[in-house]
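Results of the structural survey
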Amino acid sequence: MNNKHDLKLREVEGKREVFDPLRKKWVVYTPEEHVRQTFILFLTLDKGVPPELIAVEQQFKGALGKEYRADIVVYGRNGTPRLLVECKAADVRITRDTVLQATRYNYIVKAGYIALTNGHQNFLFRTKDLTNYAAVNPFPVYSEWESANFEP
């Protein structure tokens, strides 16, 4: 990822905060939040994703009403989920468990792509049928994947 712009940071009562431009508020600056905010910059500045089509910490319900939270969901202009992103702190490796978590979430969200990132390791997968995924490299610009055919 190319990080062209710095995050806005401040300290309040001894706690570091980062400004989330999508939620338009200051949030606690954790290692995972650093990765999330950096990935948002990557999506908007490098890949051309319109900020208004990005949801942060998107909540959704799974089987039996259990609540889940996706770090980032990018929507198409038609309102359908196009990309689900799972962020981990930089010191957390992307493992098979991370992949399983994201695919489990995506079984509910039904996005055409899933991305996994810890800021060092970055993976993008195209959904074939919600149980099969194909790796995509390099990460395309929004206009290429926003309109890709995928109907769950």
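Check the entry above for the structure.
These numbers were taken from a predicted model, which means no experiment stands behind them.

1. So, the sheet that holds strand 2 (residues 15-20)
- Strand order in this open sheet of 3 strands is 1-2-3, and the pairing throughout is antiparallel. Two strands lie at the open edges of the sheet, namely strand 1 (9-12) and strand 3 (25-28), each paired on one side alone. Here the strands of the sheet are splayed against their neighbours by 40 degrees on average, with no regard to which way each runs.
- In this sheet, strand 3 lies alongside strand 2 in antiparallel orientation, the contact comprising 4 bridges. Along strand 3, the bridge assignment pairs V18 with V27.
- Contacts from helix 1 (residues 31-46) reach strand 2 and strand 3, with the element oriented near 20 degrees to strand 2.

2. What to know about the packing of aromatic side chains
- A full pass over the atoms with the stated rule returns 10 aromatic pairs.
- Members of the aromatic cluster, joined through ring pairs, are F39, F42, Y113, F139, Y142 and W145.

3. Concerning the side chain of E86
- When you line up the elements, E86 lands in strand 6 (residues 81-87).
- For E86, a relative accessible area of 3% puts it in the buried group.
- Not counting chain neighbours up to four residues away, the residues in contact with E86 comprise D71, T98, Q101, A102, Y105, A115, L116 and T117.

4. Things to note about unusual backbone geometry
- Note the cis peptide between N137 and P138, where omega equals 0 degrees.
- Positive phi values are uncommon outside glycine, yet E13 reaches one of about 50 degrees.
- For E13, the position within the fold is in the loop between strand 1 and strand 2.

5. Some words on the pattern of salt bridges
- Throughout the structure, instances matching the rule amount to 11 salt bridges.
- Among the ionic pairs, R36 bridges to E57, the shortest N-O distance being 3.3 Å. Placement of R36 in helix 1 and of E57 in strand 4 (residues 54-61) is noted, with a sequence separation of 21 residues between them.
- Residue R36 is classed as buried on the basis of its relative accessible area, which comes to 3%.
- With a relative accessible area of 27%, E57 lands in the partly exposed category.

Reading the values: the criteria
Residues numbered from 1 in each chain as written. Predicted model: local features only at pLDDT ≥ 70, side-chain atom pairs only at ≥ 80, totals over all residues. Heavy atoms only, no water. Pairing = 2+ DSSP bridges. Helix = DSSP H or I, 4+ residues; strand = E, 2+ residues; numbered from the N terminus. Axes fitted to C-alpha atoms, helices over the stretch in contact; angles between N-to-C directions. Contact = heavy atoms within 4.5 Å. Phe/Tyr/Trp six-rings, centres within 6.5 Å; stacked < 30°, edge-to-face > 60°. Buried < 20%, exposed > 50% of the residue type's maximum accessible area, 1.4 Å probe, protein only. Salt bridge = Lys/Arg side-chain N within 4 Å of Asp/Glu carboxyl O.

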